[in-house]
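# Examination of the molecular architecture
Residues per chain, in single letters:
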Amino acid sequence: MNRINNNTGGIIYLDASGGTGKTFLIILILAEIRAEKHIALALPSSGIAATLMEGGRTAHSALQLPLNIAEQQLPVCKISGTFGRGQLLKHAKIIIWDECTMAHKISLEAMDRTLQELRKNSEIMGGALLILSGDFRQTLPVIPKSTPADEINACLKKSHLWPKVHILQLTKNMRVELSKDETAAHFAKILLQIGEGNGTQRSPMISGQAARCWRELQCDTRKTQCRYKTEYLYIWS
Ligand SMILES: Nc1ncnc2c1ncn2[C@@H]1O[C@H](COP(=O)(O)OP(=O)(O)OP(=O)(O)O)[C@@H](O)[C@H]1O
């Protein structure tokens, strides 16, 4: 919240596994900023996630991202600064992109270029604060007829913007904590194991694929984590 109040722009990635309270926290942040009559935009990757947030619109719709974005050299969002959408992006205090792990890295780069142009500011994201949230153990970008390597290459972590991202973590599974249900705890544990590639014997295929993707993506995370180690905020631990 300090960063929001001080108008410090940049990108924050809220790294949190399923059930740790990403959506809960995003809804709180949106409400807090809107209560002060500022503009807070919620742009999740999927329509389902958009229905969970007040005023949520999918990132593709709100940013008018080209459908064939991966085939373009330097794509930008098809938004003019003079009309509604452009004005919103220009004056937004904060932009939140939930389920960001599904997004192609080129979408983030297109958003960066567009915001710099709209806000007439050459800083990252045109000086706006972007909060990415998601879990790389969940869905990665869908690339038609691709190999695991293509998917990893399309991930946000492979973007040239990623080294500038400040990572925060949520670690306590609130869904399990609140339900006090042992089967929910067991299910959450198995999900984490599969996501991290230490899958169960019942799902060797899933765990094999996940293991490759997770190991590859972890290498990048560790580098970034070292950089920001002292700034880490373990909110729930
Ligand atoms: N700080 C909190 N206090 C009370 N309840 C919380 C808190 N954080 C999360 N919850 C509750 O825990 C449950 C899971 O939270 P939420 O749906 O936000 O998690 P998530 O990280 O978005 O999960 P997923 O990745 O599966 O979508 C929800 O019922 C939510 O209301």
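Up top is the structure.
Residues numbered from 1 in each chain as written. Predicted model: local features only at pLDDT ≥ 70, side-chain atom pairs only at ≥ 80, totals over all residues. Heavy atoms only, no water.

### What to know about the pairing of strand E1 (residues 10-16)
Threshold: The cut-offs for exposure are 20% and 50% of the maximum accessible area for each residue type, with area from a 1.4 Å probe on protein chains only; residues under the lower value are buried, those over the upper are exposed, and the others partly exposed. Put simply, DSSP H or I for four residues or longer makes a helix, DSSP E for two residues or longer makes a strand, and each gets a number counted from the N terminus. DSSP calls a pair of strands paired once it identifies at least 2 bridges connecting them.
In terms of burial, E1 is largely enclosed, as seven of its seven residues are buried. Here E1 shows no split at all, with Gly10, Ile12, Leu14 and Ala16 on one side and Ile11, Tyr13 and Asp15 on the other all buried. Relative to strand E4 (residues 129-134), E1 is paired through six bridges, and the arrangement is parallel. When the bridges of E4 are listed, Ile11 appears paired with Leu130. As judged from the five bridges shared by E1 and strand E5 (residues 166-170), these two strands associate in the parallel manner. What sits directly across from Ile12, in E5, is His166.

### A look at the pattern of salt bridges
For clarity, the cut-off: A pair is scored as a salt bridge if a Lys or Arg side-chain nitrogen falls within 4 Å of a carboxyl oxygen belonging to Asp or Glu.
Throughout the structure, instances matching the rule amount to two salt bridges. Put simply, Arg137 and Asp135 hold a salt bridge, and the shortest N to O gap is 2.8 Å. The partly exposed category is assigned to Arg137, whose relative accessible area is 22%. When the shortest N-O distance is used, the salt bridge between Glu177 and Lys172 registers 4.0 Å. Judged by relative accessible area, which is 34%, Lys172 ranks as partly exposed.

### Overview of the nonpolar core
Convention followed: Among the buried residues, those of types Ala, Val, Leu, Ile, Met, Phe, Trp, Tyr and Cys that are joined through side-chain atoms within 4.5 Å form a nonpolar core. By definition, residues are in contact when any of their heavy atoms lie within 4.5 Å.
Core analysis: the biggest nonpolar cluster contains 34 residues, and Leu63, Ile95, Trp97, Met111, Leu130 and Leu132 have the highest contact counts within it. Breaking this core down by element, the ones donating at least two residues are E1, helix H4 (59-63), strand E3 (94-97), helix H6 (105-118) and E4. With six residues, H6 is the largest single contributor of residues to this core. Every residue in contact with Leu130, bar those within four places of it in the chain, is listed here: Gly10, Ile11, Ile12, Ile95, Trp97, Leu108, Met111 and Met125. Ile29, Ile94, Ile96 and Leu170 belong to the second-largest nonpolar core, a separate cluster that totals 17 residues.

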